[in-house]
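# Close look at the chain arrangement
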Amino acid sequence: MEKLPDFWQNIQFVDIIEFIGTFAFAISGIRLASAKKFDWFGALVVGLVTAIGGGTLRDLLLGLTPFWLLSSVYLWCTVFALFFVIVFRKFLVKLNNTFFWFDSIGLGLFVVVGSEKAFSLGYEWWVVIIMGTITGVVGGIIRDILINEIPIIFTQELYAVACILGAGLFCFLNYIGVNMSVIQIASALFVFVIRIVATRYQWRLPILKGED
């Protein structure tokens, strides 16, 4: 029997989280692109930068080769997300707040991926929190700029704050010795729940006013 490539042999739970997060973030970007009436290629580009933007900046800051250059699986995951949106377009349109749900799922998962990578490299807790937040928000910033919208990190309820709190929980649970798989699931769920609750009750930081 042919031996599996090293990538598939060494796959870990955090890699599965990253694949799911890539798919969710790609769908969120493609869904917004479709609302702007982009063609298939334009939607694919928006989905791809949404999925890999944060992780790319994180890896560059950590002195690593960007993760998507090491495997084509992330590109194919985005292509699959594009066809998923095409095939299930009518269902996704009928589903209320499709973008919100997929964006929130991707946000929670990517915060965990970024935090785990910085932690595994031995960085201090504050670096772990910054890298988790960057991984979660930067792809969405690039997406919104490409579709000519104000980045939702600056306008929606506790978007970046949810990332910071989720990465902070990741660090705390590591400090008290909780199992890593439990930490990853709990931190992702924490970010997701904060986004849901903050949006439901419209929790947000005070607006900075330039004039009275």
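Thresholds, definitions, all that
- Sequence order as written defines residue numbering, which begins from 1 separately in each chain.
- A pLDDT threshold of at least 70 governs which residues receive local features in this predicted model, and a stricter bar of 80 or more applies before side-chain atom pairs are shown or counted, although totals over entire chains, interfaces and linings include all residues.
- Hydrogens and water are ignored here; the side-chain numbers use all heavy atoms of the structure.
- Each helix corresponds to a stretch of at least 4 residues labelled H or I by DSSP, and each strand to a stretch of at least 2 residues labelled E; elements are numbered beginning at the N terminus.
- Residue contacts follow a heavy-atom distance rule, with two residues in contact if any of their heavy atoms lie within 4.5 Å.
- Each residue is assigned to one of three classes by its accessible area relative to the maximum for its type, calculated with a 1.4 Å probe on protein chains only: buried under 20%, partly exposed between the two thresholds, exposed over 50%.
- Two N or O atoms count as a polar contact when they lie within 3.5 Å, although within protein this holds only if one can serve as hydrogen donor and the other as acceptor, and sequence-adjacent residues are included solely when both atoms are side-chain atoms.
- Among the buried residues, those of types Ala, Val, Leu, Ile, Met, Phe, Trp, Tyr and Cys that are joined through side-chain atoms within 4.5 Å form a nonpolar core.
- Axis lines are fitted through C-alpha atoms, for helices just across the contact stretch, and the angle between N-to-C directions can take any value from 0 to 180 degrees.
- With respect to orientation, any angle under 35 degrees is reported as roughly parallel, any angle over 145 as roughly antiparallel, any angle of 65 to 115 as roughly perpendicular, and every other angle as oblique.
- The hand of a helix crossing depends on one turn: near helix anticlockwise from the far one by less than a right angle means left-handed, and clockwise means right-handed.
- UniProt positions are given in the numbering used here, feature names are shortened, and annotations may be inferred rather than shown by experiment.
- The aromatic pairing rule takes the rings of Phe, Tyr and Trp, using the six-membered ring of Trp, and pairs them if the centres are within 6.5 Å, calling planes under 30 degrees apart stacked, those over 60 edge-to-face and the rest tilted.
- Two conditions define a charge located above a ring, namely a distance within 6 Å from the ring centre to NZ of Lys or CZ of Arg, and an angle within 35 degrees of the ring normal.
- The salt bridge definition used is simple: a Lys or Arg side-chain nitrogen within 4 Å of an Asp or Glu carboxyl oxygen.

### Some words on the overall build of the protein
- When you go through the protein residue by residue, the secondary structure sums to nine helices and zero strands.
- Nonlocal contacts in the protein, meaning residues at least 24 apart in sequence, comprise 74% of its contacts between residues at least 6 apart.

### A short note on the side chain of Thr50
- Relative to the helices and strands, Thr50 resides in helix α3 (residues 40-61).
- A relative accessible area of 1% places Thr50 in the buried class.
- Side-chain polar atoms of Thr50 contact the backbone oxygen of Val46, separated by 2.6 Å.
- When sequence neighbours within four positions are dropped, the list of residues in contact with Thr50 reads Phe25, Ser28, Gly29, Gly139 and Arg143.

### Considerations on the nonpolar core
- Counting residues in each nonpolar core, the largest one holds 51 residues, and the members touching the most others are Ile27, Ile30, Ala81, Leu107, Met131, Val137 and Tyr159.
- For this core, the secondary-structure elements that each account for two or more residues are α2 (13-35), α3, α4 (73-87), α6 (98-120), α7 (125-146), α8 (159-175) and α9 (180-201).
- The element best represented in this core is α2, accounting for nine residues.
- Once you skip the residues sitting within four places of it in the chain, Val137 turns out to touch Leu107, Ile153, Tyr159, Ala160 and Cys163.
- Ile17, Leu109, Val113 and Ala188 belong to the second-largest nonpolar core, a separate cluster that totals five residues.

### Side note on the packing of α3 against α4
- Between α3 and α4, the shortest axis-to-axis distance is 9 Å and the interhelical angle comes to 130°. As judged from the angle between their axes, α3 and α4 are oblique. As for how α3 packs across α4, the hand of that crossing is right-handed. From α3, Trp40, Ala43, Leu44, Gly47, Leu48 and Ala51 reach across to α4, where they touch Leu75, Thr78, Val79, Leu82, Phe83 and Ile86.

### What to know about the UniProt feature "transmembrane region" (unreviewed entry) in the protein
- The feature "transmembrane region" (unreviewed entry), as given by UniProt, occupies residues 12-33, 40-61, 67-88, 100-119, 125-146, 158-176 and 182-198 in the numbering adopted here.
- The span residues 40-61 carries 100% helix and 0% strand; its end-to-end C-alpha distance comes to 32 Å.

### Remarks on the environment of Ile153
- Inspection of the secondary structure puts Ile153 in the loop between α7 and α8.
- In this structure the C-alpha to C-alpha distance between Ile153 and Gly140, which are 13 residues apart in sequence, comes to 8.0 Å.
- Not counting residues within four places of it along the chain, the set of residues in contact with Ile153 comprises Val137, Ile141, Tyr159 and Ala160.

### As for the packing of aromatic side chains
- Scanning the entire structure with this criterion turns up eleven aromatic pairs.
- Here the aromatic rings of Phe23 and Phe84 are separated by 5.5 Å at their centres, their planes lie at 75°, and the arrangement is edge-to-face. Of the two residues, Phe23 sits in helix α2 while Phe84 sits in helix α4, which places them 61 residues apart along the sequence.
- Residue Phe23 is classed as buried on the basis of its relative accessible area of 19%.
- Looking at Phe84, the relative accessible area reads 23%, which means it is partly exposed.
- Among the aromatic residues, ring-to-ring pairing joins Phe23, Phe80, Phe84 and Phe88 into one connected group.
- Directly above the aromatic system of Tyr201 lies the positively charged group of Arg200, at a separation of 5.1 Å from the ring centroid.

### Regarding the pattern of salt bridges
- Using the criterion set out here, one finds five salt bridges in the structure.
- Among the salt bridges present, the one from Glu149 reaches Lys36, with a minimum N-O distance of 2.7 Å. Residue Glu149 is located in the loop between α7 and α8, and its partner Lys36 is located in the loop between α2 and α3; the two are separated by 113 residues in the primary sequence.
- Overall, Glu149 belongs to the partly exposed group, its relative accessible area being 40%.
- We classify Lys36 as partly exposed; its relative accessible area is 37%.
- Taking the shortest distance from any N to any O, the salt bridge between Asp144 and Arg143 comes out at 3.0 Å.

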